[in-house]
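Below, each chain spelled out in residue letters.
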Amino acid sequence: MERSEIVDQLRAALSAVLNRQLDALDPGLSLFDDLGLDSTSVIELLMSLEDTVGLEIDPDELGPDVFRTVGSLTDYVEAGFRKSTAV
Amino acid sequence: MKFVERLKKDLTGDAGSRFVFLNNFEVERSWAAGEPKLPGAGISFAGTTVNRMEEMGALLAESGDVVVLKAPMDTEFTAYLDGLGAAAGQVFAAERSRPEHTVTEDALDSPELLRRLRGLADGRTFLMPLGVSPAEERLAKETGLPLAGPSSQVCKHVNGKIFSRRLVDRLGLRAVPGDICETVGELRAALTSRLAAGGRVVVKESLGVSGRGMVVVRDEAGAARLLRLIERRGATAPARLVVESWIEHAQDLNYQLVVGRSGQVRFETVKAAVLRDGVHQGHRFPVELPATAERELREAVELIGGALFEEGYHGMVGVDAMLGHDGTLHPCLEINARFNMSTYQSRVAERFIPAGHHAIAATFAVRPGRAHSFPEVAEALGDLLLRAPGGSGVLINNFATLNAAATDTGSFHGRLYGICVAESADAALAVRGTAETRLRALTEGRS
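Residues numbered from 1 in each chain as written. Chains lettered and ligands numbered in written order. Predicted model: local features only at pLDDT ≥ 70, side-chain atom pairs only at ≥ 80, totals over all residues. Heavy atoms only, no water.

S.K.: Help me get a handle on the overall build of chain B, residues and values and all.
M.R.: Each helix and strand counted, chain B has 16 helices and 16 strands in total. Here chain B has a C-alpha radius of gyration of 22 Å; the compact-globule value for 447 residues is 22 Å, and the two agree. Taken along the three principal axes of its C-alpha coordinates, chain B extends 60 × 50 × 50 Å. Of all 447 residues assigned to chain B, the portion counted as buried reaches 55%. Taking the intrachain contacts of chain B between residues at least 6 apart in sequence as the baseline, contacts between residues at least 24 apart amount to 71%. Here chain B displays about 17700 Å² of accessible surface, and carbon together with sulfur accounts for 51% of that area. Taken as two groups, the 52 positive and 55 negative side-chain charges of chain B have centres that lie 2 Å from each other. (Helix = DSSP H or I, 4+ residues; strand = E, 2+ residues; numbered from the N terminus. Rg over C-alpha atoms; globule rule 2.2 N^0.38 Å. Buried < 20%, exposed > 50% of the residue type's maximum accessible area, 1.4 Å probe, protein only. Contact = heavy atoms within 4.5 Å. Areas by Shrake-Rupley, 256 points an atom, 1.4 Å probe, with all protein chains shown as cover. Lys, Arg positive; Asp, Glu negative; His and termini not counted. Charge placed at Lys NZ, Arg CZ, Asp CG, Glu CD.)

Structure (structure tokens):
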């Protein structure tokens, strides 16, 4: 899966969790402050990404850095995807 | 006797004692340390703005009292409060402060402040924190000032949502249908049975921080997703969760009581959450309840207060309750045995909300592109800024949170807290709306 596809999956997952259509995602957007994600919707987002990207996330290992911006979350998902497909 | 004098009498036996207010907001984070979390709920963020809510304590202190702050107060905001006669205490500011630290952590790191606090020890001066955690106990030890409250261990115990649920059952109060899960293995059955009963289900960490550490499960697919994440920990892993049916279309209430050090219980106030188009506007007061609900609430106050005293607690207590459309009261969803937002409005209420007037305690969330001074805020609010007791308008009761997250580049999230006062509940809501429009115009550069 290319990074652009991961961004598309992330946009779809965020749109579903936030219950509004997101047309474009600037990597610099803050997930919590700009997009309005909260601790409740984080759980739903993780579950959705597991389904669509096909990687297993251990939420207990996630730090706040991963969720700072759209770009940081994309980096995390891409690294997880590379790891899961390399095995 | 005024609110703070009553509190002193209840907690120390002496209405003339001196309090050193220590407004350690989100003390719950300390109580939650090491407790099992919901998946993803461990993602915490530096509470830069939350830590500056400590300034609200300046409006609680009486003459002779001391308020410990992370930084000296803005001189122009101080002048505004002085003009109103809204802040009577003396401010002691930490000389070493880090944005991510609570006021207590800053105090412990400030030798000069510690020296000044030690100088207050006279046998009649008490540390009065928002809530007691190990950090406040360390500060009491460092300064020789006794705490006007119980140990951090007692506080943590009585602030758990599992404790609240069990207490409600034991006292025979009307409970929200739900279950307690001590381990991960118990969650599947609890979720299945609650969903089968109909409606949405809320899963809450026993010691989650207010508004966080919870997830709403809408259907079986949502339950399956949550279970998939959490069951990876193993069935016997600790969970410490409360699983409850979501009560739809109910009115959220919050009431305050004080448990005295000799076990006396005193009701203080009840406030109601205000929603407009589904958006939280703040809490309004005074609140008229239906007669039955009023009676049940007063009974709950006595029962809960008495039970907390038996557990070794004395101090301020806030209880979240719910009033259904049909007038059914669920008198205890959650016990917050600490100061609550309501506590910080108590002294303001007795001075600035005359009989017959109404108020909404509001939070104004703004997105400034730069730091704004208090005179700019005052000018933007114009005739809405409350400048004398007895009138209508907005009393700003926390200014430091506006610029706490300011950066040199780009916009940031800020908050102002205000008490909107008017001659009717609707008029108070209108004051709130106009104030918000004016503050947004200022911070978005449209004024």
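Alright, that's what it looks like, and here's the rest.
S.K.: Explain the overall build of chain A to me, and be specific about the residues and the numbers.
M.R.: Helix and strand content of chain A: 3 helices and 0 strands. Counting from the amino terminus, chain A carries its helices and strands in the arrangement α-α-α. In terms of overall size, chain A behaves like a compact globule, its C-alpha atoms giving a radius of gyration of 12 Å where 87 residues would be expected to give roughly 12 Å. Each principal axis of the C-alpha distribution contributes one length, and for chain A these read about 35 × 25 × 20 Å.

S.K.: Could you give me a rundown of empty space enclosed by the protein, with the residues and numbers involved?
M.R.: Empty pockets left among the atoms are what a rolling probe the size of a water molecule brings to light. Residue and element names in this part refer to chain B. Tallied over the full model, the rule gives 4 cavities of 30 Å³ or more. In this structure, the largest cavity encloses a volume near 100 Å³. It is strand E4 (residues 125-129) that provides the largest number of residues to the lining of the largest cavity, a total of 3 residues. By residue class, the composition of the lining of the largest cavity is 13 nonpolar, 4 polar and 1 charged. Lining the second largest cavity we find Glu28, Trp31, Asn159, Lys161, Leu207, Gly208, Glu334, Ile335 and Asn336. Secondary structure elements with two or more residues in the lining of the second largest cavity: helix H2 (28-31) and strand E13 (329-336). In terms of residues, the lining of the second largest cavity owes the most to one element, E13, which gives 3 residues. (1 Å grid on protein atoms, 1.4 Å probe; cavity = no way out; pocket = protein on both sides within 12 Å on 5 of 7 lines; lining within 4 Å. Points joined across faces, edges and corners; volume = space filled by probe spheres on them. Nonpolar A, V, L, I, M, F, W, Y, C, P; charged D, E, K, R; others polar.)

S.K.: Quick one: what's the story with the interface of chain B and chain A, residue by residue and with numbers?
M.R.: Contacts between the two partners involve 20 residues from chain B and, on the opposite side, 20 residues from chain A. For the pairing of chain B and chain A, the buried interface totals around 1800 Å² over both sides, and the portion due to carbon and sulfur atoms is 58%. On inspection of chain B and its partner chain A, the count reaches 2 residue pairs in polar contact (both at pLDDT 80 or more). Sorting the residues of the side of chain B that touches chain A by element identifies strand E7 (214-217) and helix H11 (220-230) of chain B as the ones contributing at least two each. The element that contributes the greatest number of residues to the side of chain B that touches chain A is H11 of chain B, accounting for 4 residues. (Buried area = accessible area lost by both parts, 1.4 Å probe. Polar contact = N/O pair within 3.5 Å; in protein donor to acceptor, adjacent residues only side chain to side chain.)

S.K.: Outline the sheet that holds strand E9 (residues 251-259) of chain B, supporting the account with residue identities and numerical values.
M.R.: In a beta sheet, neighbouring strands pair by backbone hydrogen bonds and run either parallel or antiparallel. Residue and element names in this part refer to chain B. On the basis of which strands lie adjacent, the open sheet formed by 8 strands has the order E13-E12-E9-E10-E11-E14-E16-E15 and antiparallel pairing. Since the sheet does not close on itself, it has two edges, and those belong to E13 and strand E15 (393-398), each with one partner. Along the sheet, successive strands turn relative to each other by an average axial angle of 30°, direction set aside. Where strand E14 (residues 358-366) meets strand E16 (residues 414-422), 9 bridges bridge the pair, whose relative direction is antiparallel. (Pairing = 2+ DSSP bridges. Axes fitted to C-alpha atoms, helices over the stretch in contact; angles between N-to-C directions.)

Remember, this is a structural readout, not a statement about activity or role.
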